Amino acid sequence: MIDLYYWPTPNGKKVTILLEELGMPYTIKPVRIGQGDQFTPEFLKINPNHRMPAIVDTEPGDGGQALSIFESGAIMFYLAEKAGRFLPSDLRGRHTVNQWVNWQMANQGPKLGECGHFLRLGEDVGDQSYAVRRFTDEANRLYGVLNNQLYRNRYVAGDSYTIADMICYPWCVNWKSQQQDIGEFRYFRRWFEELGERPAVKSGMEAGSGLSVDPSTLTEEERARMRAIMYNQRALPVPDDQT
């Protein structure tokens, strides 16, 4: 059984899509990131980087004790290897997938995340025009990278549907709020619409949807507390530091 420490964000939905595609049993363990669950001692034992998603495999393949994995890319490699699906076994195919998973982790996710962050801030915290331009342009560049790759290939890493597709898809769903026009990216749009019709992608995207909190239902004090938890974080102290 897989225990999935999760909140319904693009990074979490990467993993639920894969789990649904695999038909692998899993239990969602909600990590309420707006309330600080990611900083509890129990969660930090699973992920010292205090970010979800993370998993605990209670039945790892080596027959040993429960195994915890953090970082969505590492989780997806682990689950694909465990099931023997969606990850090529040949050298070239495997490392083609590997490089696109790393592309998503290093480029698409962080840059589109920053794009959304600065677009949400508004002018109440000062002029954000440079940051908005910087990251909407970068978002456009990254959609172009995918578009060019999908001009040459049916899927992100070649002719087969793999974890490289699953890890990219959730970050594309909010293209409108990223101020992008996917009509500009013909080959990306074909891939995006095809994946969106897959039953497991639909169920993976819906997983935990009832957990989300509508910010408009919160008081200003509650929204301020949420912002304080999620933004402008600094280093956590070493536990039980005696110095």
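It should be noted that the structure appears before, not after, this text.
For clarity, every value in this text was computed on a predicted model and none was experimentally measured. Each chain carries its own residue numbering, running from 1 in the direction its sequence is written. Residue-level local features of this predicted model are given only where pLDDT is at least 70; pairs of side-chain atoms are given and counted only at 80 or more, and the full residue set underlies all totals for whole chains, interfaces and linings. Based on all heavy atoms of the structure, the side-chain values leave hydrogens and waters out of the count.

In this section: the overall build of the protein. In terms of helices and strands, the protein carries nine helices and four strands. Strands here mean DSSP runs of E at least two residues long; helices mean DSSP runs of H or I at least four residues long; both are numbered from the N terminus. Reading the secondary structure of the protein in the N-to-C direction produces β-α-β-α-β-β-α-α-α-α-α-α-α. Taking 18 Å as the expected radius of gyration for a compact globule of 243 residues, we find that the protein reaches 19 Å, a close match to that expectation. Dimensions along the principal axes, computed over C-alpha positions, put the protein at roughly 50 × 50 × 35 Å. Residue contacts follow a heavy-atom distance rule, with two residues in contact if any of their heavy atoms lie within 4.5 Å. Partitioning the contacts of the protein with sequence separation of at least 6, the portion at a separation of at least 24 is 66%. Charge counting treats Lys and Arg as positive and Asp and Glu as negative, with His and both chain ends excluded. In plain terms, the charge of a residue is placed at NZ if it is Lys, CZ if Arg, CG if Asp and CD if Glu. The positive charge centre, built from 27 side chains, and the negative charge centre, built from 31, are 4 Å apart in the protein. With C-alpha atoms as the basis for the radius of gyration, the globule rule is written as 2.2 Å multiplied by the number of residues raised to the power 0.38.

Turning to helix α1 (residues 10-22), a few remarks are in order. How far a helix is expected to stretch is found by multiplying one less than its residue total by 1.5 Å. A rise of 1.5 Å per residue sets the reference length of α1, with its 13 residues, at 18 Å; its end C-alpha atoms lie 19 Å apart and thus fit the reference within 8%. Only protein chains enter the area calculation, which uses a 1.4 Å probe; residues under 20% of their type maximum are buried, those over 50% are exposed, and those in between are partly exposed. Of the residues making up α1, those classed as buried are Pro10, Gly12, Lys13, Lys14, Val15, Thr16, Ile17, Leu18, Leu19, Glu21 and Leu22. Those residues of α1 that are buried are in contact with β1 (2-6), β2 (26-30), α3 (72-83), α4 (91-121), α6 (163-172) and α8 (199-206). Gly23 lies just past α1 and shows a positive phi near 65°.

In this section: the environment of Leu44. Inspection of the secondary structure assignment puts Leu44 in helix α2 (residues 41-46). Judged by relative accessible area, which is 24%, Leu44 ranks as partly exposed. Taking the C-alpha atoms as reference, Leu44 lies 16 Å from Asp57; in sequence the two are 13 residues apart. Apart from residues no more than four positions distant in its own chain, Leu44 is found in contact with Gln38, Phe39, His50 and Leu236.

For the peptide bond that leads from Met52 to Pro53, omega is 5°, which places it in the cis range. Unusually for a residue other than glycine, Phe86 sits at a positive phi of about 65°. By the secondary structure assignment, Phe86 is in the loop between α3 and α4. Take Phe86: its relative accessible area is 14%, and that puts it in the buried class. Located in the positive-phi region is Gln179, a residue other than glycine, with phi close to 60°. Its place among the elements puts Gln179 in the loop between α6 and α7 (186-196). Given a relative accessible area of 52%, Gln179 falls into the exposed group.

Here we come to α6. An α-helical turn contains 3.6 residues, so a residue and the one three or four places further along point in the same direction. With ten of its ten residues buried, α6 lies for the most part within the structure. If you check which residues of α6 are buried, you get Ile163, Ala164, Asp165, Met166, Ile167, Cys168, Tyr169, Pro170, Trp171 and Cys172. Structurally, α6 contributes buried residues whose contacts are with α1, α3, α4, α5 (129-152), α7 and α8. Polar contacts here mean pairs of N or O atoms no more than 3.5 Å apart (in protein, one a potential hydrogen donor and the other a potential acceptor; neighbouring residues in sequence count only if both atoms are side-chain atoms). Two or three places before Ala164, at the start of α6, stands the capping residue Thr162, its side-chain oxygen 3.1 Å from that residue's backbone nitrogen.

With that settled, the discussion passes to the pattern of salt bridges. Definition used for salt bridges: Asp or Glu carboxyl oxygen within 4 Å of a side-chain nitrogen of Lys or Arg. Applying the stated rule across the entire model yields twelve salt bridges. Counted as one network, the salt bridges with shared partners bring together Lys111, Arg134, Glu138 and Arg141.

Moving on, we get to the sheet that holds β2. Strand pairing requires that DSSP identify at least two bridges connecting the strands. Strand order in the open sheet made by the four strands is β2-β1-β3-β4, with mixed pairing throughout. The open sheet has two edge strands with one neighbour each: β2 and β4 (67-70). Here the strands of the sheet are splayed against their neighbours by 20° on average, with no regard to which way each runs. In this sheet, β4 lies alongside strand β3 (residues 54-57) in antiparallel orientation, the contact comprising four bridges. Lines fitted to C-alpha atoms define the axes here, with helix axes fitted over just the stretch in contact, and angles between the N-to-C directions of these axes take values from 0 to 180 degrees.

Quick look at the pairing of β2 now. For β1 and β2, the ladder comprises five bridges, and the chain directions are parallel. Residue pairing across strands places Ile2 opposite Tyr26, the latter belonging to β2. In this fold, β1 hands off to α1, which returns the chain to β2; that crossover is right-handed. Handedness is read with the strands pointing away from the viewer; a crossover is right-handed when the path from the first strand over the helix to the second is clockwise.

The values are spatial; any link to function lies outside them.
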